[in-house]
Amino acid sequence: MADKNIVYFDLETQRSFGDVGGLAFKHKMGISVAVTYSTARGSYEIYQENELDRLSEELIRADLVVGWNHLQFDYPVLQPYVFHTLADQTRNLDMMLE
């Protein structure tokens, strides 16, 4: 994987589970900020709420997306903002699941 683009990914929400009515409504939590680190770029990128299309493009172009609970939490929170179905269109290593 030395020559691959591994993208480490995390996001922070605008609202808590209590604010939106529980875990079933995580898609309503909103995103305050998201961050990636790309091994190809060698740097971090910070995404605000109005830049999430660019974030989804970076995740789709990655050879591997690494996160913590991003398949069951971060992607569902991000989904209302983007066209792509991220879990289906990305190669992932979710450290919580592993």
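Counting of residues starts from 1 at the beginning of each chain's written sequence and follows it residue by residue. Only residues with pLDDT of at least 70 are given local features in this predicted model, and only at 80 or more are side-chain atom pairs given and counted; all residues enter the totals for whole chains, interfaces and linings. Only hydrogens and water are set aside; all other atoms, that is, all heavy atoms of the structure, feed into the side-chain values.

## Structural notes on the nonpolar core
- Residues Phe-9, Leu-11, Leu-55, Leu-59 and Leu-78 are the most contacted members of the largest nonpolar core, which totals 19 residues.
- Secondary structure elements are defined from DSSP: runs of H or I of at least 4 residues count as helices, runs of E of at least 2 residues count as strands, and each element is numbered from the N terminus. Listing elements by their share of this core, those giving two or more residues are β1 (6-13), β2 (31-38), α2 (52-61) and α3 (70-78).
- Among the elements that take part in this core, α3 stands out by supplying 4 residues, more than any other.
- We call two residues in contact when some of their heavy atoms are within 4.5 Å. Apart from the residues lying within four places of it in its own chain, the contact partners of Leu-11 are Ile-31, Val-33, Ala-34, Phe-73, Asp-74, Val-77 and Leu-78. Definition used in this section: a nonpolar core is a set of buried Ala, Val, Leu, Ile, Met, Phe, Trp, Tyr and Cys residues joined via side-chain atoms within 4.5 Å. Burial here depends on accessible area, computed with a 1.4 Å probe over protein chains only, as a share of the maximum for the residue type. Under 20% is buried, over 50% is exposed, and the range in between is partly exposed.

## Details of the environment of Tyr-8
- Among the secondary structure elements, Tyr-8 is positioned in strand β1.
- Counting along the chain gives 65 residues from Tyr-8 to Phe-73, while the straight-line C-alpha distance between them is 15 Å.
- Setting aside anything within four residues of it in sequence, one finds Tyr-8 in contact with Val-35, Thr-36, Tyr-37, Thr-39 and Val-66.

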